Amino acid sequence: MEYVSTRGGTRAVDFEGALFSGYAPDGGLFMPQRIPSLDRDTLRRWSSLSYPELVKELCSLFVPAKLVPRNALSELIDKAFSRFRHKNVVHLSRLKDGLNILELWHGVTYAFKDLSLSCTGQFLQYFLEKKQKHVNILVGTSGDTGSSAIESVRGQKNVDIFVLLPKGLCTQIQELQMTTVLEDNVHVFAAHGNSDEIDEPIKELFADVDFAGKYHLMSLNSVNWSRIMVQIAHHFYAYFQCAPSLDTTPLPMVEIVVPTGGGGNITAGCIAQKMGLPIRLVTVVNSNDIIHRTVQHGDFSLAGSVKATLASAMDIQEPYNVERILWLLSGSDSQLIKTLMEQFNISKRLKLPEDLHRKLSETLGSCSASDQDIVGAMRRCWEENQYLLCPHSAVAAHYHYSQTHSIPRCCLAPASAAKFQDALLRAGLVPQIPPEITALTAMETRSTPLEQGQDWAQVLRGRIEAVAQQWEARVGQSAPQGRGGSLGS
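Owing to the predicted nature of the structure, the values given are computational and were not obtained by experimental measurement.

Asks: Give a detailed account of the overall build of the chain, specifying residues and quantitative values.
Replies: Each helix and strand counted, the chain has 20 helices and 13 strands in total. Against the 2.2 N^0.38 benchmark of 23 Å for 489 residues, the chain shows a C-alpha radius of gyration of 21 Å, consistent with a compact globule. Considering only C-alpha atoms, the chain reaches an extent of 65 × 50 × 45 Å along its principal axes. Buried residues in the chain amount to 62% of all 489 residues. In the form shown here, the chain has an accessible surface area of approximately 18,300 Å², with 48% of it arising from carbon and sulfur atoms. Here the chain carries 46 positive and 50 negative side-chain charges, and the mean point of each set is 4 Å from the other.

Structure below.
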């Protein structure tokens, strides 16, 4: 199994090479050269598996045994999920009116990203310890990615992590889950800008190939293939939990509703679909509706500005994983994707070719929800079920409540309501706060401010260079040379 760039301008890499890369050197995103196809018998056999077992089966299709032996892969995944609060790791709540909520938030930070990032952290450590290497991880976060990424590598001697958060645009709990981590390998920057603005210095550093190579930069955003790979399991598990029977021909359809920010989870769903899973996918967004407009009208263009909403982790204007979806639907036409994405990068406006838009609208349904819609769904779910939804999950529930119930439907729930007290209060609901979250407010915090007018990329460069010098001093040897992705070569 090799991985190629969506833009076709760089050589293929193996799983280790894709793991240790951010964007591909040509600016594209790594994808498997071939998507495995599963037959009916395999789907039936997998239908009785637990969530961790599904993750193991799926990862084994994308990670060759010569790179990570099967027993080692199994141990890494077991270790990744060992800190989850729920015995099943994820849990399906079956509520009134056919509302099925797949709770993906039983990890340390109460967010779905704990699932993929805990695995990615284990994969990283496996290769780094074997090779005695060090990497610097750069992460931009609109809410939950930063804390999940920090938890996946905190205290690891072979990794330093640099997280940029949009000051005041995350919830207080989200921010505290990052700034209260005081391990020496964790570096948090509080930027006075929005989610798209904090992505710019990160892109700039990855685009400087010499710098990225010298300091072994990598990303844990859903730019990183390993996160997409693990998230494919969400869709298989949701399907097997909600499908009425696998004894019919053809297999029954299940609709999976995916709250969407950067687009990693919906990309994973498209891959699951291509593997043969009989699912209908719906991408749901808040008022930052670029994906909705793309699906409905082929209009992949920025709006005037990012709108601050109750579903803050989805306040994103440039959902970078759309590039992966378009690559899949174009039949891996990397030249077309390169042309389209270069056009978008210049003008921030793109009208999809008619054929590509048709394929996209056949693959995905879409819906956008206002803050009023979100509050309404949160209230209705509580009144009917005494069940609290986070505002992102409520975007999916809003879609469910607006539809008829022709086929089984599963809404992915990306975060616990406990992290979004302000949204709950706005809906007239009473937050239920776990003691671990309450304790955050009394803990010491640490972060570096990034002000408007500062050269954020230059500040990051300086900190990364200083950290690299400290690491060299600790190990008593020169930093490894080579490209950022060469750890996987």
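Once the structure has been displayed, the description carries forward.
Asks: Give me the lowdown on the UniProt feature "domain: Tryptophan synthase beta chain-like PALP" (unreviewed entry) in the chain, citing residues and values where you can.
Replies: On the UniProt side, "domain: Tryptophan synthase beta chain-like PALP" (unreviewed entry) is annotated at positions that read residues 105-398 here. Secondary structure across residues 105-398 divides into 50% helix and 14% strand, with the first and last C-alpha atoms of the span separated by 19 Å.

Asks: Describe the packing of helix α5 (residues 113-131) against helix α10 (residues 225-242), with residues and values.
Replies: Orientation of α5 relative to α10, taken along the N-to-C sense of each, is 135°, at an axis distance of 9 Å. Classified by the interaxial angle, the pair formed by α5 and α10 is oblique. Here α5 and α10 pass one another in a crossing that is right-handed. Judged by residue contacts, Lys113, Leu115, Ser116, Leu117, Cys119, Thr120 and Phe123 of α5 engage Ser226, Arg227, Met229, Val230, Gln231 and His234 from α10. In the contact of α5 with α10, the residues fall into six nonpolar, five polar and two charged.

Asks: Hey, could you go over the packing of aromatic side chains for me, with residue numbers and the actual values?
Replies: Tallied over the full model, the rule gives 14 aromatic pairs. Note on phenylalanine 15 and phenylalanine 123: the rings are 5.8 Å apart at their centroids and 80° apart in plane angle, and the pair reads as edge-to-face. Taken together, the residues phenylalanine 15 in helix α1 (residues 15-19) and phenylalanine 123 in helix α5 connect sequence positions 108 residues apart. Residue class for phenylalanine 15 comes out buried when judged on its relative accessible area of 0%. The exposure class of phenylalanine 123 is buried, given its relative accessible area of 2%. Between the aromatic rings of phenylalanine 62 and tryptophan 225, the centroid separation amounts to 5.4 Å while the plane-to-plane angle is 65°, which identifies the pairing as edge-to-face. Of this pair, phenylalanine 62 sits in helix α3 (residues 51-62) while tryptophan 225 sits in helix α10; the two residues are 163 residues apart in sequence, bridging distant segments of the chain. There is no split in this pair, since phenylalanine 62 and tryptophan 225 are both buried. Linked through ring pairs, Tyr3, Phe15, Phe62, Phe123 and Trp225 together constitute an aromatic cluster. In this structure, arginine 85 is placed above the aromatic ring of tyrosine 110, and the distance from its NZ or CZ to the ring centre is 3.5 Å. Taking NZ or CZ as reference, arginine 380 lies 3.9 Å from the ring centre of tyrosine 401, over its face.

Asks: How would you sum up the UniProt feature "domain: Threonine synthase N-terminal" (unreviewed entry) in the chain? Please name residues and give values.
Replies: Taking the numbering used here, the UniProt-annotated feature "domain: Threonine synthase N-terminal" (unreviewed entry) corresponds to residues 2-81. Here residues 2-81 is 44% helix and 8% strand, with 27 Å between the C-alpha atoms at its ends.

Asks: Before we move on, can you summarise the side chain of threonine 180 with the specific residues and values?
Replies: Looking at where threonine 180 falls in the secondary structure, it is placed in the loop between α7 (172-179) and β7 (186-191). Apart from residues lying up to four places away in sequence, threonine 180 is in contact with Leu440, Met443, Glu444 and Thr445.

Asks: Summarise the pairing of strand β10 (residues 279-285); cite the residues concerned and give the values.
Replies: Along β10, six of the seven residues are buried, which leaves the element largely enclosed by surrounding structure. Of the pairings in the sheet, the one linking β10 to strand β11 (residues 364-368) comprises five bridges and is parallel in character. By the bridge assignment for β11, valine 282 is matched with glycine 365.

Asks: Describe the nonpolar core, listing the residues and the values that go with them.
Replies: Among the nonpolar cores identified, the biggest contains 111 residues, and Trp225 and Phe236 are the most heavily contacted of them. Looking at this core element by element, the count peaks at twelve residues for α10. Aside from chain neighbours lying at most four places away, what touches phenylalanine 236 is Leu38, Leu43, Trp46, Leu54, Leu58, Ala272, Met275 and Leu277.

Asks: Describe in detail the packing of helix α12 (residues 290-297) against helix α15 (residues 354-363), supporting the description with residues and values.
Replies: With their axes 7 Å apart at the nearest point, α12 and α15 run at an angle of 110° to one another. Relative to α15, α12 is oriented roughly perpendicular. Here Thr294, Val295, Gln296 and His297 of α12 lie close against α15, whose contacting residues are His357, Leu360 and Ser361. Considering only residue class, the contact of α12 with α15 consists of two nonpolar, five polar and no charged.

Asks: Residues and numbers for the side chain of serine 152, please.
Replies: Tracing the sequence through the fold places serine 152 in helix α6 (residues 144-153). Here alanine 149 takes part through its backbone oxygen, which lies 2.7 Å from a polar atom of the side chain of serine 152. Here serine 152 is in contact with Leu117, Ser118, Gly121 and Leu220, once residues within four sequence places are set aside.

Asks: Which residues make up the state of the cysteines, and what are the values?
Replies: Under the criterion given, the structure shown has zero disulfides. Cysteine 381 supplies the cysteine sulfur nearest to cysteine 390, a cysteine that is in no disulfide, at a spacing of 11 Å.

Reading the values: the criteria
Residues numbered from 1 in each chain as written. Predicted model: local features only at pLDDT ≥ 70, side-chain atom pairs only at ≥ 80, totals over all residues. Heavy atoms only, no water. Helix = DSSP H or I, 4+ residues; strand = E, 2+ residues; numbered from the N terminus. Rg over C-alpha atoms; globule rule 2.2 N^0.38 Å. Buried < 20%, exposed > 50% of the residue type's maximum accessible area, 1.4 Å probe, protein only. Areas by Shrake-Rupley, 256 points an atom, 1.4 Å probe, with all protein chains shown as cover. Lys, Arg positive; Asp, Glu negative; His and termini not counted. Charge placed at Lys NZ, Arg CZ, Asp CG, Glu CD. UniProt positions renumbered as here; feature names shortened; annotations may be inferred. Axes fitted to C-alpha atoms, helices over the stretch in contact; angles between N-to-C directions. Parallel < 35°, antiparallel > 145°, perpendicular 65-115°, else oblique. Left-handed = near helix turned anticlockwise from the far one by under 90°. Contact = heavy atoms within 4.5 Å. Nonpolar A, V, L, I, M, F, W, Y, C, P; charged D, E, K, R; others polar. Phe/Tyr/Trp six-rings, centres within 6.5 Å; stacked < 30°, edge-to-face > 60°. Lys NZ or Arg CZ within 6 Å of the ring centre and 35° of its normal. Pairing = 2+ DSSP bridges. Core = buried A, V, L, I, M, F, W, Y, C linked by side-chain atoms within 4.5 Å. Polar contact = N/O pair within 3.5 Å; in protein donor to acceptor, adjacent residues only side chain to side chain. Disulfide = S-S within 2.5 Å.

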